[in-house]
Amino acid sequence: MPVTQRHVEIMDTTLRDGEQTSGVSFSPSEKLTIAQLLLTEVKVDRIEIASARVSDGEFAAVQSITQWAKANGFLNKVEVLTFVDGDVSVEWMLRAGAKVMNLLTKGSLNHLTHQLKKTPEEHFAEVAAVISLANTKGLECNVYLEDWSNGMRHSREYVFQYLDFLQHQPVKRIMLPDTLGVLTPDEVTEFITAIVARYPDIHFDFHAHNDYDLGTANVLEGVKAGARGIHLTINGMGERAGNASLASAIAVLHDFLPAVKTSVVETSLYTVSKLVETFSGFRIAVNKPIVGENVFTQTAGIHADGDKKNKLYFSDLMPERFGRQRKYALGKTSGKANIENNLQQLGIKLSDPDLKKVTQRIIELGDRKEVLTQADLPYIISDVLDSNRIEEHVILENYVLTHAKNMNPSVTIRIVVKGQLFEEHAQGDGQYDAFMNAVKKVYKQLKTELPPLADYAVRIPPGGKSDALCETIITWVRGTKEFKTRGLDSDQTVSAIKATLKMLNLI
Ligand SMILES: CC(=O)SCCNC(=O)CCNC(=O)[C@H](O)C(C)(C)COP(=O)(O)OP(=O)(O)OC[C@H]1O[C@@H](n2cnc3c(N)ncnc32)[C@H](O)[C@@H]1OP(=O)(O)O
């Protein structure tokens, strides 16, 4: 029987609720870049980009996003959180060029009484006045019921009284936030089922928070119970423990609810996640589902063996779906299948006895808590097998790097390639660029093309002090494959040079 599918709207609120992560502030141009990526590549249905009134910077960000959105037909997908404040937020919206307002109102008697210090009747009248003003000014209106989850627990009568009132207002969507992330999945089911049954024609959004780590589970239950839209953030950013994560929720909806479809493009989720990590400085936990560094890495030898034989440890969560790749870690739990997988990726084939020796060495190193990467493998092999398999045929004998104010950095190198000595001088935009220009001059004489550089990542190993080592990992492209080399030194340029020398010895 074919399944009739229903579309669930995805509203990404990274730029509003996500930015409420402690210590995070996006610049206007960062906000514009993320907004563009979300709407054009990730293809979420809607984005919430700011709270009204907050600051001049926020105003500038909203203005630049609405200008771009208007020119590209996305204006009705761009939303701004506003307040019950007469004409103040509405005027702010109009000046910023925004068209869709998400009006923050009170969804629990507790908040209404103790924060706004109003009666329900006063609140409803003020809400109606803002909605009416927004309508006359051509704004579309959605309404948040802040603290709705506690409202359902402790003042349900108020919530239904309020919804009875709202159902007659010109409101497009009603948004039900679990503001403090306190609901259990069972409560989400119960509350949303009751509400959808009573107001079957209204579009309800559900907005989860992750205080009990139940954000994704609650999103699943909310959609099953009939929520037509859900609010998510990239990397689960947000106040306190954050919001439900976009990537996790999408995987869960796509895999566990065949009757539900979303417009989100799964392959774009990792790219946007990394971009937001860079802009926000909010690091993604390595075990964060879908987007964390380690989540598609098998470490156990038995798993690698099963994968090699019949993909026995694969699940529906295939890394390629999210623009990622499966990896096999190297360490004391690596068996030979794990190592073989890594060798295969490097294009290296070893005989069985050699493979056993290499496996043994990796286990020994892992036991000493050495962190090994695929890039270390050729060196471990060369060391263990004491062979010329990866011969040091390129030796950098000397180099001089200069850096002077208002002048391009320059470098002079003396390098031996396959026994032949070269001396070259070059300039560049930076010291490493100058070094690479000199190396390229040498390889041009040798008529050898160097693999293009695909990525250049620098980091200070954890626990580093001011004189800490600096690690540079460079990703190179060889044909259709990529390989990484790593250099370690207290000087950043020297660590990049070391990584480059490893590459030169591998090609
Ligand atoms: C669900 C959520 O995450 S809600 C997040 C909402 N977004 C924000 O709070 C954005 C950041 N906030 C701000 O920049 C500021 O708080 C502003 C600009 C909104 C208001 O600033 P201020 O005028 O300095 O007020 P302050 O922050 O001290 O207090 C908040 C005021 O808003 C009132 N308020 C609370 N909820 C609402 C509401 N839904 N509508 C209108 N006013 C509200 C409070 O009662 C308080 O008013 P009071 O000072 O008269 O008691």
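Our structure is the block above this text.
A brief structural summary. Worth saying up front: this structure is predicted, and the values here are computed from it rather than measured.

**Description of the environment of Glu 471**
With respect to the element layout, Glu 471 can be found in strand 17 (residues 470–478). Judged by its relative accessible area of 6%, Glu 471 is buried. With 406 residues separating them along the chain, Glu 471 and Ile 65 place their C-alpha atoms 37 Å apart.

**Some points on the packing of aromatic side chains**
In this structure the tally under the stated criterion is 14 aromatic pairs. Between Tyr 162 and Phe 165, the ring centres sit 6.1 Å apart and the planes meet at 10°, which makes this aromatic pair stacked. With Tyr 162 and Phe 165 both in helix 7 (residues 156–166) and three residues apart, the pair spans about one turn of that helix. Of the two residues, Tyr 162 and Phe 165, neither departs from the other in class, the shared state being buried. Among the aromatic residues, ring-to-ring pairing joins Phe 124, Tyr 158, Tyr 162 and Phe 165 into one connected group. In this structure, Arg 324 packs its charged tip against the face of Tyr 270, placed 4.2 Å from the ring centre.

**Digging into the nonpolar core**
Counting 93 residues, the largest nonpolar core has Leu 145, Trp 148, Leu 163, Leu 166 and Leu 246 as the members making the most contacts within it. Every residue in contact with Leu 246, bar those within four places of it in the chain, is listed here: Ile 10, Asp 12, Leu 38, Val 42, Val 44, Leu 232, Thr 233, Ile 234 and Leu 269. Of all hydrophobic cores here, the second largest spans 39 residues; its members include Leu 330, Val 358, Met 436 and Phe 483.

**Things to note about a nonpolar patch on the surface**
Side chains of Ile 302, Leu 312 and Tyr 313 sit close together on the surface and give an oily, nonpolar patch of about 330 Å² of accessible area. Tracing the chain through its elements places Leu 312 in the loop between helix 12 (301–310) and strand 12 (327–328). Leu 312 sits in the exposed class, given a relative accessible area of 56%.

**Considering the sheet that holds strand 14 (residues 410–417)**
Strand order in this open sheet of three strands is 13-14-15, and the pairing throughout is antiparallel. Edge positions in the sheet fall to strand 13 (394–402) and strand 15 (420–427), since each has one partner strand and no second. Here the average twist between neighbouring strands, direction ignored, is 15°. Relative to strand 14, strand 13 runs antiparallel, the two being bridged by eight bridges.

**Things to note about unusual backbone geometry**
Despite not being glycine, Lys 43 shows a phi value in the positive range, around 65°. Note on placement: Lys 43 falls in the loop between helix 1 (28–42) and strand 3 (46–51). A residue is classified by how much of its surface remains accessible, and Lys 43, at 42% relative accessible area, is partly exposed. Even without being a glycine, Lys 447 presents a positive backbone phi close to 55°. Within the secondary structure, Lys 447 is located in the loop between helix 16 (431–445) and strand 16 (453–459).

**Some thoughts on empty space enclosed by the protein**
Inspection of the entire model under this criterion finds one cavity of 30 Å³ or more. For the largest cavity, the calculated volume is near 40 Å³. Around the largest cavity, the lining residues are Ile 234, Asn 235, Ser 245, Leu 246, Ala 247, Leu 269, Val 272, Ser 273 and Val 291. Of all the elements in the fold, those that place two or more residues in the lining of the largest cavity are helix 10 (246–256) and helix 11 (269–280). Here the lining of the largest cavity gets three residues from one element, more than from any other, and that element is helix 11.

What counts, and at which threshold
- Residues numbered from 1 in each chain as written.
- Predicted model: local features only at pLDDT ≥ 70, side-chain atom pairs only at ≥ 80, totals over all residues.
- Heavy atoms only, no water.
- Helix = DSSP H or I, 4+ residues; strand = E, 2+ residues; numbered from the N terminus.
- Buried < 20%, exposed > 50% of the residue type's maximum accessible area, 1.4 Å probe, protein only.
- Phe/Tyr/Trp six-rings, centres within 6.5 Å; stacked < 30°, edge-to-face > 60°.
- Lys NZ or Arg CZ within 6 Å of the ring centre and 35° of its normal.
- Core = buried A, V, L, I, M, F, W, Y, C linked by side-chain atoms within 4.5 Å.
- Contact = heavy atoms within 4.5 Å.
- Patch = residues over 30% accessible without salt bridge, like charges linked within 9 Å, V, L, I, M, F, W, Y side chains within 5 Å.
- Areas by Shrake-Rupley, 256 points an atom, 1.4 Å probe, with all protein chains shown as cover.
- Salt bridge = Lys/Arg side-chain N within 4 Å of Asp/Glu carboxyl O.
- Pairing = 2+ DSSP bridges.
- Axes fitted to C-alpha atoms, helices over the stretch in contact; angles between N-to-C directions.
- 1 Å grid on protein atoms, 1.4 Å probe; cavity = no way out; pocket = protein on both sides within 12 Å on 5 of 7 lines; lining within 4 Å.
- Points joined across faces, edges and corners; volume = space filled by probe spheres on them.

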